[in-house]
Amino acid sequence: VATARNNLLEAQSQLTPAGDNLKLLLGLPFEVSFVLKDSIALTAEELTFSEDPAKLVNNSAQRQEELRLEIAKAQTHGIRAAYYPLVSGVGTYQYQTQDNDLDFSSYDWIQTSSLGLRLQVPMFNGTVTRNRAQQYTVSEKIAEARMEYTSRYNQAQFQKQASALNFIRQRMAVQADNIALAAKALEQVKVRYSYGKASVLEVNNAELDHTTAKLGYLQALADYKSTFCDLELLTGEIK
């Protein structure tokens, strides 16, 4: 009884902060009481999760590194353009006149226009352009290395969590068998007790084993849902 009471107190001590964190996340007053109605059973989506690493293309960290690499490449391309000649076109078209009155209709307007091309050839600016090009090239290589590391890290995490998901699924199957065996043992002990062949202590022990088996299954179920959520976050498919 003392052990059961200790387990109950431990569960209550974990329930209170978990509820407070959920209220804080939802922006609810701490005085609000929760009534959980959703089923804890696994959904069809959770049971049929596809272990395809291609899903990592939607990973937020990997997408950020890809965008950083694109920006670095654009900066490198832009600074290297300073090595090339620049050709620009210039054109003007004007109406021009001059008089002391404001009789615009009698003015003799002179129309002028000009067109031209401007060619700028970079000759020498010290080592400014070269140094900046080298700097952006280094930044581009760093971005490539970071993207490669993020991609490999995400793949390792995906394989790790997918493997954990399969292991937990096996744990759940074992716990389900344990529940069935414990329920059968409890039924047999109750039958023996009804004939005076078993004590109350044996019945209580069988009930405890049955409850422990169900608790193990619920813990495995919670681990499965938590790991599945981590996988959805990793693949960017969280809904």
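Remember, it's a predicted structure, so these values are computed and weren't measured experimentally.

Remarks on the overall build of the protein
Phase 1 of the analysis: Assigned secondary structure in the protein consists of five helices and two strands.
Phase 2 of the analysis: Put simply, the protein runs from its N terminus to its C terminus through helices and strands in the order α-α-α-β-β-α-α.
Phase 3 of the analysis: The C-alpha radius of gyration computed for the protein amounts to 37 Å, which surpasses the reference 18 Å derived for 239 residues by more than 25%, pointing to a less compact arrangement than a globule.
Phase 4 of the analysis: For the protein, buried positions account for 20% of its 239 residues.
Phase 5 of the analysis: Sequence separation of at least 24 residues holds for 74% of the intrachain contacts in the protein that already meet a minimum separation of 6.
Phase 6 of the analysis: A total of about 18,100 Å² of accessible surface is found on the protein, and carbon and sulfur atoms cover 57% of it.

Quick notes on the pattern of salt bridges
Phase 1 of the analysis: For the structure shown, the criterion picks out six salt bridges.
Phase 2 of the analysis: The partner of Glu 65 in a salt bridge is Arg 146, with the nearest N and O atoms 3.2 Å apart. Pair noted here: Glu 65 is in helix H3 (residues 60–80) and Arg 146 is in helix H4 (residues 128–194), with a separation of 81 residues, a long-range link.
Phase 3 of the analysis: Glu 65 gets classed as buried once you look at its relative accessible area, which sits at 7%.
Phase 4 of the analysis: Arg 146 sits in the partly exposed class, given a relative accessible area of 42%.
Phase 5 of the analysis: Overlapping salt bridges, with partners in common, bring together Glu 65, Arg 68 and Arg 146 in one network.

Considering the packing of H4 against helix H5 (residues 200–235)
Packed helices, taken two at a time, are described by the angle their axes make and the gap between the axes.
Phase 1 of the analysis: Interhelical geometry of H4 versus H5 gives an angle of 160° and a closest axis separation of 8 Å. Here H4 is positioned roughly antiparallel relative to H5, judged by the angle of their axes. Note that H4 runs across H5; the crossing there is left-handed.
Phase 2 of the analysis: Each residue belonging to the contact of H4 with H5 can be placed in one class, and the counts come to 24 nonpolar, ten polar and ten charged.

Comments concerning helix H1 (residues 2–26)
Phase 1 of the analysis: When the terminal C-alpha atoms of H1 are compared, their 36 Å separation across 25 residues agrees well with the 36 Å that a helix rising 1.5 Å per residue should span.
Phase 2 of the analysis: Positive backbone phi, at 70°, marks Gly 27, one or two positions downstream of H1.

Concerning the packing of aromatic side chains
Phase 1 of the analysis: Inspection of every chain in the model, using the stated rule, returns two aromatic pairs.
Phase 2 of the analysis: Ring geometry for Tyr 93 and Tyr 95: centres 5.9 Å apart, planes at 80°, overall edge-to-face. Side by side, Tyr 93 and Tyr 95 carry an identical accessibility label, which is exposed.
Phase 3 of the analysis: Relative to Tyr 153, the ring of Tyr 149 lies with its centre 6.2 Å away and its plane at 20°, an arrangement referred to as stacked. Here Tyr 149 pairs with Tyr 153, and both are found in helix H4, just four residues apart, close to one helical turn.
Phase 4 of the analysis: Here Tyr 149 falls in the exposed class, since its relative accessible area comes to 56%.
Phase 5 of the analysis: A residue is classified by how much of its surface remains accessible, and Tyr 153, at 43% relative accessible area, is partly exposed.

Things to note about the nonpolar core
Phase 1 of the analysis: Within the largest apolar cluster, 13 residues are counted, with the highest numbers of intra-cluster contacts made by Leu 42, Phe 49, Phe 158, Leu 165, Met 172, Tyr 224 and Leu 231.
Phase 2 of the analysis: Sorting the residues of this core by element identifies H4 and H5 as the ones contributing at least two each.
Phase 3 of the analysis: For this core, the leading source of residues is H5, giving six residues.
Phase 4 of the analysis: Setting aside chain neighbours within four positions, we find Phe 158 in contact with Phe 49, Ser 50, Glu 51, Asp 52, Pro 53, Leu 56, Leu 231, Leu 234 and Thr 235.

Conventions and cut-offs
- Residues numbered from 1 in each chain as written.
- Predicted model: local features only at pLDDT ≥ 70, side-chain atom pairs only at ≥ 80, totals over all residues.
- Heavy atoms only, no water.
- Helix = DSSP H or I, 4+ residues; strand = E, 2+ residues; numbered from the N terminus.
- Rg over C-alpha atoms; globule rule 2.2 N^0.38 Å.
- Buried < 20%, exposed > 50% of the residue type's maximum accessible area, 1.4 Å probe, protein only.
- Contact = heavy atoms within 4.5 Å.
- Areas by Shrake-Rupley, 256 points an atom, 1.4 Å probe, with all protein chains shown as cover.
- Salt bridge = Lys/Arg side-chain N within 4 Å of Asp/Glu carboxyl O.
- Axes fitted to C-alpha atoms, helices over the stretch in contact; angles between N-to-C directions.
- Parallel < 35°, antiparallel > 145°, perpendicular 65-115°, else oblique.
- Left-handed = near helix turned anticlockwise from the far one by under 90°.
- Nonpolar A, V, L, I, M, F, W, Y, C, P; charged D, E, K, R; others polar.
- Expected span 1.5 Å × (residues − 1).
- Phe/Tyr/Trp six-rings, centres within 6.5 Å; stacked < 30°, edge-to-face > 60°.
- Core = buried A, V, L, I, M, F, W, Y, C linked by side-chain atoms within 4.5 Å.

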